[in-house]
Amino acid sequence: MSSYNLTESLRQNGEFKALVGKLSGQPLSQCYQCGKCTAGCPVSFAMDVAPNKVLRMAQAGLKNEVLRCQSIWICASCSTCTARCPEGVDVARVMEVLRIMAGKEGIPAPGRGKDVSIFNSAFLRSVRRNGRMFEAGTMAAFNIKSLHLLREATTGMHMFIKGKLRLLPERIKNKKEIDSIFTAAVKERGGEL
Ligand code: SF4
Ligand code: SF4
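All residue numbers refer to positions counted from 1 along the written sequence of the respective chain. All chains are assigned letters beginning with A, and all ligands numbers beginning with 1, in the order in which they are written. Local features in this predicted model are restricted to residues of pLDDT 70 or higher, and side-chain atom pairs are both shown and tallied only at a pLDDT of 80 or more, whereas totals for entire chains, interfaces and linings draw on every residue.

1. Focus on the overall build of the chain
Strands here are runs of E lasting at least two residues and helices are runs of H or I lasting at least four, both read from the DSSP assignment and numbered beginning at the N terminus. Scanning the chain from N- to C-terminus turns up 11 helices and 0 strands. Counting helices and strands in the order they occur from the N terminus, the chain gives α-α-α-α-α-α-α-α-α-α-α. If one aligns the C-alpha atoms of the chain with their principal axes, the spans along those axes are about 60 × 45 × 35 Å. Each residue gets a C-beta atom placed from its backbone, and two residues are in contact if those atoms lie within 7 Å. Intrachain contacts of the chain at a sequence separation of at least 6 include 63% that bridge at least 24 residues.

Structure, rendered in structure tokens:
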């Protein structure tokens with residue numbers, strides 16, 4: 001029968017906190033939970049864990065909990081939190097690093113975060129393939145993967161009738177530059193985007 005090892009648990013928590021700090025380049029310890037990041041976050045109402053609490057979980061090294069919360073996927077990377085932090089903590093960057101870590105650990109985005117993750121992938125694939133977003137293709141890929149087959153179908157039909165939606169993708173001229181940006185980003189992240 002395995003017993004709980006407090007020393008080992010604390011060591012792992014400390015390692016996780018140090019890794020988040022290193023990858024994000026942010027002084028996590030300086031967060032004193034004033035809550036200004038959360039007060040300014042435009043999407044905190046949709047989150048399961050408020051941004052300041054995400055910071056607290058990262059500080060405490062609660063890897064399993066923080067990498068499984070919806071909030072890191074709901075975050076829109078608007079950087080309002082970063083601009084408001086009196087300690088200069090780039091909260092948006094921490095959120096981004098947590099998303100990357102969750103991806104590398106193979107932890108699927110939970111709840112509403114799952115749709116965000118699927119949309120992110122569909123969007124990035126479209127930009128990589130065409131150099132710009134192909135709306136119809138992106139929505140089709142998103143709807144199929146998220147199993148919401150008819151989502152926004154009516155809106156799409158209205159846009160098509162008004163000539164706002166192309167049925168074929170339009171590629172940019174110098175797509176090689178886009179390819180090199182994606183290649184560099186994938187290399188930096190050590191895997192898929
Ligand atoms: S604004 Fe900065 S110091 Fe305040 S809770 Fe958020 S991260 Fe922490
Ligand atoms: S970057 Fe994310 S956490 Fe920060 S204010 Fe914007 S949506 Fe909220």
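2. So, the nonpolar core
We define a nonpolar core as a collection of buried residues of the types Ala, Val, Leu, Ile, Met, Phe, Trp, Tyr and Cys that are connected via C-beta atoms lying within 7 Å of each other. Comment: burial labels come from other C-beta atoms within 10 Å of the residue's own C-beta, placed from the backbone, where a count of 20 or more is buried, 12 or fewer is exposed, and between is partly exposed. If you look at the biggest cluster of nonpolar residues, it comprises 30 residues, and the most contacted ones within it are Val54, Ala58, Ile72, Val91, Val94, Met95 and Leu98. Mapped onto this core, the elements with two or more residues apiece are α1 (6-24), α3 (51-59), α5 (71-74) and α7 (91-104). With 8 residues, the top contributor of residues to this core is α7.

3. Brief notes about helix α8 (residues 112-130)
Compared with the 27 Å implied by 1.5 Å per residue over 19 residues, the 28 Å span of α8 between its first and last C-alpha is a close match. Turning to α8, its buried residues are Gly113, Ser117, Ala122 and Ser126. Where α8 is buried, its residues meet α5 and α9 (135-146). Helix span, expected: 1.5 Å multiplied by one less than the number of residues in the helix.

4. Considerations on the site of ligand 1
Residue proximity rests on one test: whether the C-beta atom, placed from the backbone, lies within 6 Å of the molecule or strand. Close contacts around ligand 1 come from 15 residues, with Cys31, Cys34, Cys37, Asn52 and Cys85 the closest. Secondary structure elements with two or more residues in the shell around ligand 1: α2 (36-40) and α3. Each residue belonging to the shell around ligand 1 can be placed in one class, and the counts come to 9 nonpolar, 3 polar and 3 charged. Polar here means any residue outside two lists: the nonpolar Ala, Val, Leu, Ile, Met, Phe, Trp, Tyr, Cys and Pro, and the charged Asp, Glu, Lys and Arg; Gly therefore counts as polar.

5. Here we look at the domain arrangement of the chain
Under the domain assignment, the chain is made up of domain 1 (9-104) and domain 2 (112-189). Distance from the C-alpha centre of domain 1 to the C-alpha centre of domain 2: 28 Å. With 5 residues of domain 1 at the contact, the number on the domain 2 side is 5 residues. Of the residues belonging to the side of domain 1 that touches domain 2, the class tally is 4 nonpolar, 1 polar and no charged. What counts as a domain boundary in this text is fixed by an automatic or database domain assignment.

6. Here we look at helix α10 (residues 153-161)
Counting buried positions along α10 gives 0 out of 9 residues, so the element sits mostly on the surface. Following α10 by one or two positions, Gly163 has its phi on the positive side, about 75°.

7. Examining the site of ligand 2
Around ligand 2, a shell composed of 14 residues is seen, among which Cys41, Cys75, Cys78, Cys81 and Ala92 lie nearest. Of all the elements in the fold, those that place two or more residues in the shell around ligand 2 are α6 (80-84) and α7. Looking at which element gives the most residues to the shell around ligand 2, the answer is α7, with 3 residues. Considering only residue class, the shell around ligand 2 consists of 10 nonpolar, 4 polar and no charged.

8. Examining the packing of α8 against α9
Viewed as axis vectors pointing N to C, α8 and α9 meet at an angle of 145°, and their least axial separation amounts to 9 Å. At the point where α8 passes α9, the crossing takes the right-handed sense. Contacts between α8 and α9 involve Asp115, Ile118, Phe119, Ala122, Phe123 and Ser126 on the former and, on the latter, Gly137, Thr138, Ala141, Phe142, Lys145 and Ser146. Axes, fitted as lines to C-alpha atoms, cover a helix only where it is in contact. Angles between the N-to-C directions of the axes lie from 0 to 180 degrees. Handedness of a helix crossing follows the sense of rotation of the near helix relative to the far helix, less than a right angle counterclockwise being left-handed and clockwise being right-handed.

9. Topic: unusual backbone geometry
Positive phi is not limited to glycine here, since Ser79 has a value of about 70°. Along the chain, Ser79 turns up in the loop between α5 and α6. Located in the positive-phi region is Leu147, a residue other than glycine, with phi close to 65°.

10. Considerations on the environment of Met95
Within the fold, Met95 resides in helix α7. Those residues in contact with Met95 that sit more than four places away from it in its chain are Val54, Ile72 and Cys75.

11. Some thoughts on the environment of Asn13
Structurally, the position occupied by Asn13 is in helix α1. Among residues more than four places away in sequence, those in contact with Asn13 are Ala60, Gly61 and Leu62.

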